[in-house]
Amino acid sequence: MKALRIKLRTYAIALLISVGFTTTSIAGSGDFAGIYGAFTGSAGGAQIDGRHVNQSSEINEGQVGGVFPLAGYEVGFNLPLGPVFFLGAGHSWTKGGTVTLAEGNEEVAAGGSGSAESENNAASMTQFSLKASDLKEVYIMPSVSIYDNSAVYVKLGRSIANLDLTGNVTGTPGNLTGNLAGIGTIAMTPSGIFIKTEGSVIRYDDIKVVGVNSSASSYVEGTPDMVKGTVAIGFKF
């Protein structure tokens, strides 16, 4: 995942430098100046590298994750900084879709008889699920107009998401926060309707879930990462 982020940033810088020297005379940053809004749809994947420490201080390390669809909106503005360069800034909010970051269903021996009811109670005591939702992003987009009504950009920003923790745990982590990096393209019609395509990577800060199975010595910790491809359809006013 770290190698992917490094490659993404390297390609983005090389792309902006190259198009800055090869833009045609019909390209113009003024084509993109102004306020815009768009609806977004994304296909993403989340992964968390972490470890689980149980009540006996046994450590299990590994990776968990999955793929998911997301939908939302974004608003922002573009400010021309030269004949072909312009700077965008905006905010996006993903309201549709949730991301499962971690799940656990560890059976711990319980006292008493070995009946089926006792076993079910023991299993249910250790079950938990950690999910992220309401993904929000604030960002800037250094951009280059390469043709009439076409541009490429680099996106840099911060991301925050709500965490929903269910199950038998006593400690709930705060919201997810992390750094965002991406690259994308913009194609716009003379009337102001545009399509954006984008690939991005989000590296979130470490999280820790304590009190698994109501034990202060049992916890799960890790570092979540997210990659996603996004298509946005919107209008520049």
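Residues numbered from 1 in each chain as written. Predicted model: local features only at pLDDT ≥ 70, side-chain atom pairs only at ≥ 80, totals over all residues. Heavy atoms only, no water.

### Considerations on the nonpolar core
As a rule of thumb, nonpolar side chains are buried together in soluble globular proteins.
So, point 1. Residues Val99, Leu101, Leu130, Ala132, Leu176 and Met226 are the most contacted members of the largest nonpolar core, which totals 34 residues.
So, point 2. Among the elements that make up this core, the one with the highest residue count is strand E5 (residues 127–147) (6 residues).
So, point 3. Ignoring any residue separated from it by four or fewer positions in sequence, one finds Leu176 in contact with Leu101, Ala132, Ser159, Ile160, Ala161, Leu163, Tyr204, Asp205, Ile207 and Pro224. (Core = buried A, V, L, I, M, F, W, Y, C linked by side-chain atoms within 4.5 Å. Buried < 20%, exposed > 50% of the residue type's maximum accessible area, 1.4 Å probe, protein only. Helix = DSSP H or I, 4+ residues; strand = E, 2+ residues; numbered from the N terminus. Contact = heavy atoms within 4.5 Å.)

### Overview of the pattern of salt bridges
So, point 1. Summed over the entire model, instances satisfying the criterion amount to 4 salt bridges.
So, point 2. The salt bridge partner of Glu74 is Lys196, with a shortest N-O separation of 3.3 Å. In this pair, Glu74 is assigned in strand E2 (residues 59–80) and Lys196 in strand E8 (residues 193–204), connecting sequence segments 122 residues apart.
So, point 3. Between Glu198 and Lys155 there is a salt bridge; the shortest N-O distance is 2.9 Å. Of this pair, Glu198 sits in strand E8 while Lys155 sits in strand E6 (residues 150–167), and the two are 43 residues apart along the sequence.
So, point 4. We classify Glu198 as buried; its relative accessible area is 11%.
So, point 5. Relative accessible area serves as the criterion here: at 3%, Lys155 is assigned to the buried category. (Salt bridge = Lys/Arg side-chain N within 4 Å of Asp/Glu carboxyl O.)

### Comments concerning the pairing of strand E9 (residues 207–210)
So, point 1. A one-sided burial pattern is seen for E9, the buried positions being Ile207 and Val209 and the unburied ones Lys208 and Val210.
So, point 2. Bridge analysis of E9 against strand E10 (residues 219–236) gives 4 bridges, and the strand direction is antiparallel. Paired with Ile207 across the bridge in E10 is Gly222. (Pairing = 2+ DSSP bridges.)

### Examining the confidence of the model for the protein
So, point 1. Per-residue confidence for the protein gives a mean pLDDT of 77, with 65% of residues at or over 70.
So, point 2. In the predicted structure, residues 15–26 sits below a pLDDT of 50 and forms 16 contacts with residues beyond four places in sequence or in another chain.
So, point 3. Ignoring residues within four places in sequence, the model shows residues 108–125, a span with pLDDT below 50, making 14 contacts including any to other chains. (pLDDT = per-residue confidence, 0-100.)

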